[in-house]
Amino acid sequence: MDIAAATFRATAATAPAASTPAVPNPAAAEKVAKEFEAMLVSQLMESMFAGMRESPLFGGGGPAEKPWRSMLLQEYGKAIAESGTLGIGRMTHDEIARLYAAQGLTQPEQPS
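Only a predicted model underlies this, so the values are computations on that prediction, with no experimental measurement involved.

Student: When you look at the overall build of the protein chain in this model, what are you seeing that I'm missing?
Tutor: Of regular secondary structure, the protein chain possesses 4 helices and 0 strands. Along the protein chain, helices and strands appear, N-terminal first, in the series α-α-α-α. In the protein chain, which comprises 112 residues, the share counted as buried stands at 20%. The long-range fraction of contacts in the protein chain, counting pairs at least 24 apart against all pairs at least 6 apart in sequence, stands at 79%. Working note: accessible area of the protein chain is about 8,300 Å², and carbon and sulfur atoms make up 63% of it.

Student: Would you explain the side chain of His-93 in this entry?
Tutor: Relative to the elements of secondary structure, His-93 occurs in helix H4 (residues 88-103). The contacts of His-93, once residues within four sequence positions are left out, are Val-23, Pro-26, Ala-29, Glu-30 and Ala-33.

Student: I keep staring at helix H3 (residues 65-83) and nothing clicks. Help me out?
Tutor: Residues spaced three or four apart along an α-helix face the same direction, because each turn holds 3.6 residues. For H3, built from 19 residues, the straight-helix expectation of 27 Å at 1.5 Å per residue is met to within 8% by its first-to-last C-alpha distance of 27 Å. Buried residues of H3: Glu-65, Arg-69, Leu-73, Gly-77 and Ala-81, and no others. Along the axis of H3, the buried positions cluster into a sector of 145°, meaning they face one direction only. Opposite its buried face, H3 presents the exposed residues Trp-68 and Glu-82, each directed more than 90 degrees away. Summarising the contacts, the buried residues of H3 are in contact with helix H2 (26-50). Positioned one or two residues after H3, Gly-84 has a phi angle of 75°, which is positive.

Student: Looking at this structure, I do not really get the pattern of salt bridges. What am I missing?
Tutor: Opposite charge on two side chains permits them to pair, given that their charged atoms come into close proximity. Going through the model one piece at a time under the given rule, you end up with 4 salt bridges. In this structure, Glu-35 and Lys-31 form a salt bridge, with 3.7 Å as the shortest nitrogen-oxygen distance. In this pair, Glu-35 and Lys-31 are both assigned in helix H2, 4 residues apart and thus about one turn of the helix distant. Look at Glu-35 and you get partly exposed, because its relative accessible area is 46%. One salt bridge in this structure joins Glu-82 and Lys-34, with 3.2 Å as the shortest N-O distance. Here Lys-34 lies in helix H2 and Glu-82 lies in helix H3, a separation of 48 residues in the sequence. According to the relative accessible area criterion, Glu-82 is exposed, its value standing at 55%.

Analysis parameters
- Residues numbered from 1 in each chain as written.
- Predicted model: local features only at pLDDT ≥ 70, side-chain atom pairs only at ≥ 80, totals over all residues.
- Heavy atoms only, no water.
- Helix = DSSP H or I, 4+ residues; strand = E, 2+ residues; numbered from the N terminus.
- Buried < 20%, exposed > 50% of the residue type's maximum accessible area, 1.4 Å probe, protein only.
- Contact = heavy atoms within 4.5 Å.
- Areas by Shrake-Rupley, 256 points an atom, 1.4 Å probe, with all protein chains shown as cover.
- Expected span 1.5 Å × (residues − 1).
- Arc of directions from axis to C-beta.
- Salt bridge = Lys/Arg side-chain N within 4 Å of Asp/Glu carboxyl O.

By themselves these figures say nothing about function.
In structure tokens:
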């Protein structure tokens, strides 16, 4: 599994970025893409953990475990998004760039 992830990252790093149109603010697009991936992954993990009983490892499964588990899963989502192993953030960033290019936008729209 580690070899596959390393190969995927190496392939993604060497792939040509010229096919992705330019975004007016690449840092903002990257941030939004990672936040979206983190939210999506944490929601998927919430569904995955929904059927599990409370664990005595977290203090016996009292009423406080549910919020703590939710926060833990959010942090897991952030860590997975930051690693970039799923590629959801990269696909989201590419889609943002494609939408900007389709609309012919080179600068962010200014409010009137």
